Structures are given as C-alpha cells and as structure tokens.
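This is what each chain is made of:
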Amino acid sequence: LATERGLFQSADGGRTWLAPCRWPENQRIEFAATGASRPETFFIATACELFFSKDNGLSFESGFSLSPSFGETSEEEPNEEASARARGRFTSLAASLKNSSTLWVGTSEGIFETRDGGASWERLPDRGLQETEVRDLIYSDRSEALFAATGRWVYRYLPRQRRWETLNLRLLGVPASLGLQSFPEKEILLITNGHEILEF
C-alpha cells in the first residue's frame, strides 16, 4: 500500500500493516504493483520514473524513465513545470502471469511495452486511440489481450494490426479501473467508473 506517509505491507489480509519497505526517494508515489517473476518483483512508479525491487522493498533500482521529449514546452513556463509537463507521468502497470519478462506501463502520453523484464522498452502505436492518457491497464493471459482505460473509452490492443480497437460499452462516467474475473467457461472484463461496474 502506497500512502503519503510511505509504503506499508500486510501479511494477514489487511488486519495489520507494517512498513518494511524502504523508499529512499523523496517523491510522490503514483502506484505500486507486483510482477509475476520469481523472486517476486515489486514496482513503484513516481511521476516520471519506474523503480523495481527484488528483495521485498529493501532496495530499489531505476527501471525506466520517461524522457522529456514527449510534449512541447513553452518558453514562458518555469523550467520545472515545463519539464514535468513534457515528461508526462506513469499511471498504471500490467503484467503477464505466464511470462514474467513481459510488462506494460501506462502513462499520460501513451503505453510502453517490455519483453525482456524492463531492459528495453518500446512505445506501442497510438493508432485507434482517441486519447493517449491512460488511466488503467490490464492483461489477460487467457485471451492474450491487453486492455487500456482512458478518460472516455476502453480499448483492446490488436498486436497483429498494431492498433487499438474501441470496446462497445455504454459508460456513464470516466472508466477508472479494470479487472478480470475468470470462470471455467469464460473470462469477464470488469470496468469501474465510480458509479457502477460493467462487464464485457
């Protein structure tokens, strides 16, 4: 659990919380996540940098930084503010449970993919996306599909065509988070928007 007072961990289903994770950076944490690798990898994203830990939070290494070349800056803006605006920010992470080397990160400027555990990253095409700011990502190993929620729509990535398709959903609000529910006969994508949970 990432809070304004640091990182906390529960080993009893949330009844008690401890703070064994040492977060050395004086930066706001956007999200925390775990991967499927062994030993388990723990990810922390600040606004512009993704860190990972393989020793249960005792130490962290930088795994991926957003370069300051995504957006245009104005000469009238202060340097720090312009730099943050141009860099974008991390918003979400999705991982394959079958292949621990495959990860995706969502940012305010698009989606990035790694197939080698974070050693190298490639930005996925924006074709089909009506907006590039990603609110949440989730990957289904069962259907081998990557889903992305943005400010207005939910998309599915088509790797062979290298483009995104919009899911036919009627949303009453902004799609906030994605989930998966698996049954023996099918798998359901769950979309929450603060008012309801939709199934696809």
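Residues numbered from 1 in each chain as written. Predicted model: local features only at pLDDT ≥ 70, side-chain atom pairs only at ≥ 80, totals over all residues. Heavy atoms only, no water.

Asker: What is the right way to read the sheet that holds strand β11 (residues 134-140) from this model?
Answerer: Strand pairing in a sheet is mediated by backbone hydrogen bonds. Such pairs are either parallel or antiparallel. Within the open sheet, the four strands sit side by side as β11-β12-β13-β14. Their pairing is antiparallel. Only two strands of the sheet have a single neighbouring strand rather than two, namely β11 and β14 (163-166). Here the strands of the sheet are splayed against their neighbours by 30° on average, with no regard to which way each runs. In this sheet, β14 lies alongside strand β13 (residues 154-158) in antiparallel orientation, the contact comprising four bridges. Its bridge partner lying in β14, Tyr155 is registered against Thr166. (Pairing = 2+ DSSP bridges. Helix = DSSP H or I, 4+ residues; strand = E, 2+ residues; numbered from the N terminus. Axes fitted to C-alpha atoms, helices over the stretch in contact; angles between N-to-C directions.)

Asker: It is not clear to me how the side chain of Glu113 should be interpreted in this structure. Could you clarify?
Answerer: Residue placement: Glu113 occurs in strand β9 (residues 110-114). Classification of Glu113 as buried rests on a relative accessible area of 12%. Within the structure, the side chain of Glu113 is placed 3.0 Å from the side chain of Arg115, a separation counted as a polar contact. In contact with Glu113, not counting residues within four places along its chain, are Leu103, Trp104, Ser120, Trp121, Glu122 and Leu124. (Buried < 20%, exposed > 50% of the residue type's maximum accessible area, 1.4 Å probe, protein only. Polar contact = N/O pair within 3.5 Å; in protein donor to acceptor, adjacent residues only side chain to side chain. Contact = heavy atoms within 4.5 Å.)

Asker: Help me understand empty space enclosed by the protein in this model?
Answerer: The gaps left among the atoms become clear once a water-sized probe is rolled over them. Tallying each qualifying case throughout the model produces one cavity of 30 Å³ or more. Approximately 50 Å³ is the volume attributed to the largest cavity. Considering the residues around the largest cavity, the lining is formed by Phe43, Leu50, Phe51, Phe52, Gly63, Leu103, Gly117, Gly118 and Trp121. For the lining of the largest cavity, a count of residues per class yields six nonpolar, three polar and no charged. (1 Å grid on protein atoms, 1.4 Å probe; cavity = no way out; pocket = protein on both sides within 12 Å on 5 of 7 lines; lining within 4 Å. Points joined across faces, edges and corners; volume = space filled by probe spheres on them. Nonpolar A, V, L, I, M, F, W, Y, C, P; charged D, E, K, R; others polar.)

Asker: I tried to follow the pattern of salt bridges on my own but got confused; where do I start?
Answerer: Two side chains of opposite charge can pair, provided their charged atoms sit close to one another. What the rule picks out here adds up to five salt bridges. Across the salt bridge formed by Glu113 and Arg115, the nearest N and O atoms sit 3.0 Å from each other. For Arg115, a relative accessible area of 54% puts it in the exposed group. (Salt bridge = Lys/Arg side-chain N within 4 Å of Asp/Glu carboxyl O.)

Asker: Help me out: how do you make sense of the sheet that holds strand β5 (residues 49-53) in this one?
Answerer: Taken in spatial order, the four strands make up an open sheet running β3-β4-β5-β6, and their pairing is antiparallel. Pairing within the sheet leaves two strands with one partner each, and these edge strands are β3 (31-34) and β6 (61-65). Here the strands of the sheet are splayed against their neighbours by 25° on average, with no regard to which way each runs. In this structure, β5 lies alongside β6, joined through four bridges in antiparallel fashion. Across the sheet, the residue bridging to Glu49 is Ser65, located in β6.

Asker: Can you help me understand the pairing of β13 in this one?
Answerer: Looking along a regular strand, one sees the side chains alternate between the two faces of the sheet. For β13, the tally of buried residues reaches four of five residues, placing the bulk of the element in the interior. As paired elements, strand β12 (residues 145-150) and β13 share three bridges and run antiparallel to each other. Residue Ala149 lies in a different strand from β13, and its bridge partner there is Val154. Adjacent in sequence and paired antiparallel, β12 and β13 are bridged by three residues.

Asker: When you look at the packing of aromatic side chains in this model, what are you seeing that I'm missing?
Answerer: Aromatic ring pairs are described here by two measures, namely the spacing of the ring centres and the angle between the planes. According to the stated counting rule, one finds six aromatic pairs in the structure shown. Relative to Trp121, the ring of Phe64 lies with its centre 4.7 Å away and its plane at 10°, an arrangement referred to as stacked. A residue pair is termed long-range when its members are at least 10 positions apart, and Phe64 in strand β6 and Trp121 in the loop between β9 and β10 (122-123) qualify at 57 residues. The exposure classification of Phe64 matches that of Trp121, with both residues buried. Connected via pairs of aromatic rings, a cluster forms that spans Phe64, Phe90, Phe112 and Trp121. (Phe/Tyr/Trp six-rings, centres within 6.5 Å; stacked < 30°, edge-to-face > 60°.)

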